[in-house]
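# Structural overview for review
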Amino acid sequence: MQTPAVPLQHPYNTPTEPPVASRQPFGDPSVLGAMESSTKTAKTCTWWESGVIYQVYPRSFQDSNGDGVGDLEGVRKRLDYIASLGVDAVWLSPIYPSPMADFGYDVADYCDIDPMFGELAAFDALLADAHAKGLKVLLDFVPNHTSIEHPWFRESRSSRDNPKRDWYIWANAAPDGGPPNNWTSDMGGSSWEFDPTTNQFYLHAFLKEQADLNWRNPQVREAMTNVLKFWFDRGVDGFRIDVLWHCFKAENYPDNPLNPDWISTQGEKLKVFQKHSADQPEIHQLSADFRALADGYGERLLVGEICLPVPQLMTYYGTEASPGVHLPFNFQLLDAPWNAEALGKMITEYEAALPPSGWPNWVIGSHDAPRIAGRLGETQARVAAMLLLTLRGTPTLYQGDELGIGKVDIPPDRVRDPQDLRQPGLGLGRDPSRTPMAWDSCRFAGFSAAEPWLPLHGDWGMRNVAAQQGDPASMLELYRALLKLRREHEALSLGSFALLHAAGDVLIYERYQKDRLVIALNLGAEVQNIPDYGATTLLLATTGASMFSNTLAPNEGVILQRLNY
Ligand code: NOJ
């Protein structure tokens, strides 16, 4: 297996600054970020560079058969809603047959649909309807592990000489009879599970019901490549690749270094540094192979889930000669300190670290992360929405954030997330982000005719699509307005980025291409004066204001279009 070329850490693309004269009237002495270039135009970009992705968590989007769990027919029926937001693609979290130990991230058959969600015909109908409405469809590809109910694993565990034994990672006990090494599972405890049938341990980076595949085995590569082909041939537009950075582990499984700062309340995942159990050099050739396959089908997209610091994250773009995934997910906004200095630094450092042809991307919510409105409060979540949808790069929205769903209390008897159930009391539960969509104020919020698998958010009677639709002051209409602006202004979807001001609670940057837009965000609850940016038109304010005169109201974000530029 070939190791990748030198990891990428190039400075950003050759900047093409706007004429100096045109920068003067901004009058802000603190132009912090180098002007970043973008040569993309609507004609030369791919759909996913100018596009916006919307994540659907199918269990919680729309139930069509009254079992309290969302399904594909439900998603199909709601495609008009998704299209009405103004997004370009839908990413569906896993829909494959699964015992649902990790709600679909434990796949028992990669080439079928779980009966709970429908069948292949329902998927084909969804795909065809989505395409007819101009929406792309991305599936979730889960290469690191399968369910232990997958026939491959059943065979593998049946005997040491089974032909599929080496498809998974098996090892003998340590001399003391314990697990082969000190690797810890992200879901708590050792990442090794003893299997009495053959007296060996198998590896699982996540639940013990999710056995890690051995990607060093060429048959695994071939079988999983066939999975990708199966769905590409069916017409899917790409994949979000689950925990891509986990797929390879160091040979001979050396102990991971201990994290000296670990405290038990952090969960066992952080007990060791995952030096040998993840992010191995071999992953880059695998990414390159996935990429070559995807590109062979035309304009398809691969988004890699990679939770690593920026320098390592950048290596997943690959090299010019051997490109990796198109978009290594950039999760930094999920837990960024919410102050202008930190955000400004984070944005400029990320931009500066991108490889020459690396396209940025941003995420502000997911089925794994706390709700942004829960974290920041509703008014500041509006500012966060403006940030997400005006930064340079492909944004991914998570269902329900467009309604401003905030903190949700899950009663103890309704907790379903295995991560929470296995490490109780640490606040690791992901259920609050997975509660059902609220469509209207009917019983069960129009999500289902039956009690949903997770409770609805507390204020669903008021906070639902029907209640917000058409109300210009609502979060939903703010998202629609932001997405409309993004579509109308190439400066927002494809243009260059420059940071103008990042101090205290005020973050100001500009995006420019055919026109020039200034985005000024007040991250705090005090009124803030901002510099005079010359003649401008207010395009949108998160507060609904229709006038602007260099003063940001508390928790207000504005998009200004500079005139005479
Ligand atoms: C990341 C997924 O987003 C998460 O929900 C899942 O538990 C793990 N990968 C394991 O597949």
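Worth saying up front: this structure is predicted, and the values here are computed from it rather than measured.

Okay, the UniProt feature "domain: Glycosyl hydrolase family 13 catalytic" (unreviewed entry) in the protein chain next. According to UniProt, the "domain: Glycosyl hydrolase family 13 catalytic" (unreviewed entry) feature falls on residues 55-434. Between the C-alpha atoms that bound residues 55-434 there is a distance of 12 Å. The span itself is 28% helix and 12% strand.

For the rest of this paragraph, the subject is the nonpolar core. The biggest cluster of nonpolar side chains holds 152 residues, and the ones touching the most others in it are Tyr 81, Leu 92, Phe 123 and Phe 239. The dominant element in this core, judged by the number of residues it contributes, is helix α12 (residues 378-390), at eight residues. For Phe 239, the residues in contact, after removing those within four places along its chain, are Tyr 96, Leu 138, Leu 139, Asp 140, Phe 141, Leu 228, Trp 231, Phe 232, Leu 301, Leu 302 and Val 303. Core analysis: the second largest hydrophobic core is formed by 13 residues, Val 506, Tyr 533, Ala 541 and Phe 548 among them.

Around the ligand there are 14 residues in total, and Asp 102, His 145, Asp 242, His 367 and Asp 368 lie nearest to it. In this structure, an oxygen atom belonging to the ligand sits 3.0 Å away from a side-chain N or O atom of Arg 240. Between the ligand and the protein, one listed contact pairs an oxygen atom with a side-chain N or O atom of His 367 at 2.8 Å. Protein coverage of the free-state accessible area of the ligand, which is 300 Å², stands at 97%. For the shell around the ligand, a count of residues per class yields four nonpolar, three polar and seven charged.

Aromatic ring pairs: the centre-centre distance and the angle between the two ring planes describe each pair. All told, the structure shown has 27 aromatic pairs when counted by the stated rule. On the numbers, 5.2 Å between centres and 85° between planes, the contact of Phe 61 with Trp 439 is edge-to-face. Here Phe 61 is found in the loop between β1 (53-56) and α3 (72-77), whereas its partner Trp 439 is found in the loop between α13 (418-422) and α14 (465-468), with 378 residues between them in sequence. Taken together, the ring pairs in this structure connect Tyr 96, Tyr 110, Phe 123, Trp 152, Trp 167, Phe 230 and Trp 231 into an aromatic cluster. Just above the ring of Tyr 512 sits the side chain of Arg 516; from NZ or CZ to the centre is 5.5 Å.

What follows is about helix α15 (residues 475-488). Structural remark: α-helix, 3.6 residues per turn; residues separated by three or four positions point the same way. The end-to-end C-alpha separation of α15 is 20 Å, in line with the 20 Å expected for 14 residues at 1.5 Å each. Every buried residue of α15 is listed here: Met 475, Leu 476, Glu 477, Leu 478, Tyr 479, Arg 480, Leu 482, Leu 483, Leu 485 and Arg 486.

Most of strand β20 (residues 557-562) is tucked away: six of the six residues are buried. With burial as the criterion, each face of β20 is covered, one bearing Gly 557, Ile 559 and Gln 561 and the other bearing Val 558, Leu 560 and Arg 562. By the bridge criterion, five bridges tie strand β16 (residues 516-522) to β20 in an arrangement that is antiparallel. Each residue of the ladder has a partner; that of Ile 519, found in β20, is Ile 559. Here strand β18 (residues 536-541) runs beside β20; their pairing, made up of five bridges, is antiparallel. Paired with Thr 536 across the bridge in β20 is Arg 562.

All right, on to the sheet that holds strand β2 (residues 89-92) then. Read across the sheet, eight strands follow the order β11-β10-β9-β3-β2-β1-β13-β12 without closing on themselves; strand pairing throughout is parallel. The open sheet has two free edges, formed respectively by β11 (327-328) and β12 (361-363), since each of these has just one partner strand. Here three bridges tie β12 to strand β13 (residues 394-398), and the two strands are oriented parallel to one another. Counterpart to Asn 361 in the pairing with β13 is Thr 394. Packed onto the sheet, α12 meets β12 and β13 and runs at close to 145° relative to β13.

Turning our attention to the sheet that holds β16. Pairing between the strands of a sheet comes from backbone hydrogen bonds, and it takes one of two forms, parallel or antiparallel. Spatially, the five strands line up as an open sheet ordered β14-β15-β16-β20-β18, and their pairing is antiparallel. Each end of this open sheet is capped by a strand with a single partner; those strands are β14 (496-503) and β18. This sheet shows a mean twist of 20° between the axes of neighbouring strands, independent of strand direction. Examined bridge by bridge, β14 and strand β15 (residues 506-512) share seven bridges and lie antiparallel to one another. When the bridges of β15 are listed, Ala 503 appears paired with Val 506.

Checked against the element boundaries, Ser 156 lands in helix α6 (residues 151-158). At 3.0 Å, the side chain of Ser 156 forms a polar contact with the backbone oxygen of Lys 164. Of the polar contacts made by the side chain of Ser 156, one reaches the side chain of Trp 170; its length is 3.0 Å. Ser 156 has contacts with Asn 162, Lys 164, Arg 165, Tyr 168 and Trp 170, leaving out every residue within four places of it along the chain.

Before going further, it helps to examine the pattern of salt bridges. Overall, the coordinates contain 34 salt bridges when judged by the stated rule. Between Asp 186 and Lys 269 there is a salt bridge, with its nearest N and O atoms 3.9 Å apart. Note that Asp 186 is positioned in the loop between β5 (170-171) and β6 (192-195) and Lys 269 in the loop between β9 (238-241) and α8 (283-296), a separation of 83 residues in sequence. What makes Asp 186 buried here is its relative accessible area of 7%. Among the ionic pairs, Asp 368 bridges to Arg 434, the shortest N-O distance being 3.0 Å. Residue Asp 368 is located in the loop between β12 and α11 (372-376), and its partner Arg 434 is located in the loop between α13 and α14; the two are separated by 66 residues in the primary sequence. Because the salt bridges share partners, they merge into one network encompassing Asp 102, Asp 368, Asp 417, Arg 430 and Arg 434.

With that settled, consider the pairing of strand β7 (residues 200-203). Here β7 shows two buried faces, one formed by Gln 200 and Tyr 202 and the other by Phe 201 and Leu 203. The sheet contact formed by β6 and β7 spans four bridges and is antiparallel. Its bridge partner being in β7, Asp 195 is matched across the sheet by Gln 200. Hairpin geometry of β6 and β7 is characterised by an intervening segment of four residues between the two adjacent antiparallel strands and by a positive phi of about 55° at Asn 199.

Here we take up the confidence of the model for the protein chain. For the protein chain, per-residue confidence averages 93 on the pLDDT scale, and 93% of positions sit at 70 or higher. Strand β4 (residues 145-147) holds the highest mean pLDDT among the elements of the protein chain, 99, whereas helix α1 (residues 20-23) holds the lowest, 29. Low pLDDT, under 50, characterises residues 1-31; the stretch is placed with 72 contacts to residues that sit more than four places away or in other chains.

Rules of the game
Residues numbered from 1 in each chain as written. Predicted model: local features only at pLDDT ≥ 70, side-chain atom pairs only at ≥ 80, totals over all residues. Heavy atoms only, no water. UniProt positions renumbered as here; feature names shortened; annotations may be inferred. Helix = DSSP H or I, 4+ residues; strand = E, 2+ residues; numbered from the N terminus. Core = buried A, V, L, I, M, F, W, Y, C linked by side-chain atoms within 4.5 Å. Buried < 20%, exposed > 50% of the residue type's maximum accessible area, 1.4 Å probe, protein only. Contact = heavy atoms within 4.5 Å. Near = heavy atom within 4 Å. Polar contact = N/O pair within 3.5 Å; in protein donor to acceptor, adjacent residues only side chain to side chain. Areas by Shrake-Rupley, 256 points an atom, 1.4 Å probe, with all protein chains shown as cover. Nonpolar A, V, L, I, M, F, W, Y, C, P; charged D, E, K, R; others polar. Phe/Tyr/Trp six-rings, centres within 6.5 Å; stacked < 30°, edge-to-face > 60°. Lys NZ or Arg CZ within 6 Å of the ring centre and 35° of its normal. Expected span 1.5 Å × (residues − 1). Pairing = 2+ DSSP bridges. Axes fitted to C-alpha atoms, helices over the stretch in contact; angles between N-to-C directions. Salt bridge = Lys/Arg side-chain N within 4 Å of Asp/Glu carboxyl O. pLDDT = per-residue confidence, 0-100.

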